[in-house]
Structure formats: structure tokens, C-alpha cells
Amino acid sequence: MKGTIFVELIKMAEDAFGEDVVDIALDNANLDNGGAFTTVGNYPCSELIKIVTAFSELSGISSEKLQRMFGHWMMKHFVENFGGSFEGKADSFSLLEAVDGQIHVEVKKLYPSAELPAFSTDRISDDRLVLTYSSPRPLVEFCHGMVEACLELYGQTAEIARSPAPHPANATNFDIRLNG
């Protein structure tokens, strides 16, 4: 995983819990690199999971909730740093539909070695979209947080139901139904 993800996770934790808690969590996580991350480095996802687990143990907040919080944080980061990716997207569904075909194409230009999850969409109606997220990494909750943050970005609310997708392997369907 790209180092920017690790750097942003640590920034989120510092904002939420303070630098002292972050230092303790990074020590407790028993990381291969001692907790030193750079935005341009590449690190195993297992290290990210260790960090989230350490924050969970210190804060009492479940790992799942922390991943969702991080999804919200990263959406703000993407909006602030990659605003061009959001131009011309009128609503959350338009943005979600553009992840694989547009946004990830641009990410690959910046980071050719990035191993990105796959997103496919099926617009059922004006107020319903099924997003299929596929990744070998255990980050479904992070993705869920990103979907929630996407809806918030456009001032939309929705019911989000999740279910395993039969294909591809390691995939989850997010059935998103807009409210009102």
C-alpha cells in the first residue's frame, strides 16, 4: 500500500487521540519499520491493520469503526488534494461510477506500482446504485466509510446494505438507496 495511506491514518489518529496515544499505539503495534512511514513508500497492508488494531485497543473504538472513520478522513484528503477528480461529478453516484474508469486511471499515472481495489457499479435507478468493491485487503469497512463520506460530500443520505458478491472473489456489494 502507498505510504500516503499510512501517513494519513497517523494524522487522523493524532487529530482524534493526540500524539502521545499515537506514539504508544505505534510502539504497541510491533511494526516492521518501527512506525516510520513516508508518503512515497510502499508498505504491507498487514502493517495498516496492526496500527488500526493498536488504536482500537487504546481507544476502545472497534477496528471496524476506526476503518470507517478513516474512510471519511481519506475522502476529505482526496477532495483537498485531488479536487480535479471531483469536477463534473454532480452527485455521489456520478463520483462512485467514475472511480475505476477515471479516478484510478489518474492514480496509476501518479503511482504506477499502486495496487488498487476494483470498483464496478450498476445504476439500478436514479436513487439506487450497487457498488461492487473487490480487494484482497480486509478493508471493507474503510470502503464503507468512503461511500458514506461521498454521500455527505454531495449532501445526500442513503441506506447502505452490504452483502458478499459472488464474483469476483473477496468482493462486497454495497446496495446504496438514496433517501428522499
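Everything here concerns the structure above.
Criteria and cut-off values
Residues numbered from 1 in each chain as written. Predicted model: local features only at pLDDT ≥ 70, side-chain atom pairs only at ≥ 80, totals over all residues. Heavy atoms only, no water. Helix = DSSP H or I, 4+ residues; strand = E, 2+ residues; numbered from the N terminus. Rg over C-alpha atoms; globule rule 2.2 N^0.38 Å. Buried < 20%, exposed > 50% of the residue type's maximum accessible area, 1.4 Å probe, protein only. Contact = heavy atoms within 4.5 Å. Expected span 1.5 Å × (residues − 1). Pairing = 2+ DSSP bridges. Axes fitted to C-alpha atoms, helices over the stretch in contact; angles between N-to-C directions. Parallel < 35°, antiparallel > 145°, perpendicular 65-115°, else oblique.

Chemist: Before we go on, may I ask you to explain the overall build of the chain in this structure?
Modeler: A count of helices and strands for the chain gives six helices and four strands. Over its C-alpha trace the chain gives a radius of gyration of 16 Å, about what one expects of a compact globule, namely 16 Å for 180 residues. Across its three principal directions, the C-alpha atoms of the chain cover 50 × 35 × 30 Å. In the chain, which comprises 180 residues, the share counted as buried stands at 44%. In the chain, of all internal contacts separated by at least 6 residues, the share reaching a separation of at least 24 is 61%.

Chemist: Can you help me understand helix H3 (residues 45–59) in this one?
Modeler: For the α-helix, the turn length of 3.6 residues means that residues three or four positions removed from each other point alike. If you check H3, its first and last C-alpha atoms are 21 Å apart, about what 15 residues at 1.5 Å a residue would give, namely 21 Å. Taken residue by residue, H3 has Cys 45, Glu 47, Leu 48, Ile 51, Val 52, Ala 54, Phe 55 and Ser 56 as its buried positions. Buried residues in H3 make contact with helix H1 (3–17), helix H2 (19–28) and helix H4 (63–81).

Chemist: So what exactly am I meant to see when it comes to the sheet that holds strand E1 (residues 118–125) here?
Modeler: Within a beta sheet, neighbouring strands are joined by backbone hydrogen bonds and run either parallel or antiparallel to one another. Spatially, four strands are ordered E1-E2-E4-E3 in an open sheet, and the strand pairing comes out antiparallel. Unpaired on one side and paired on the other, E1 and strand E3 (158–164) mark the two borders of the sheet. Going from strand to strand, the sheet's axes swing by 20 degrees on average, the running direction of each strand aside. With seven bridges joining them, strand E2 (residues 128–134) and strand E4 (residues 171–178) adopt antiparallel strand pairing. Note that in E4 the partner of Leu 129 across the bridge is Ile 176.

Chemist: What am I meant to see in unusual backbone geometry here?
Modeler: Phi at Asn 30 takes a positive value of approximately 55 degrees, unusual for a residue other than glycine. Among the secondary structure elements, Asn 30 is positioned in the loop between H2 and H3.

Chemist: Help me understand the packing of H1 against H2 in this model?
Modeler: When two helices pack together, you describe them by how their axes are tilted relative to each other and by the distance separating the axes. Direction vectors running N to C along H1 and H2 enclose 130 degrees, while the axes themselves pass 7 Å from each other. When the axis of H1 is compared with that of H2, the two are oblique. Between H1 and H2, the contacting residues are Ile 10, Ala 13, Glu 14 and Phe 17 on the first element and Glu 19, Val 21, Val 22 and Leu 26 on the second.

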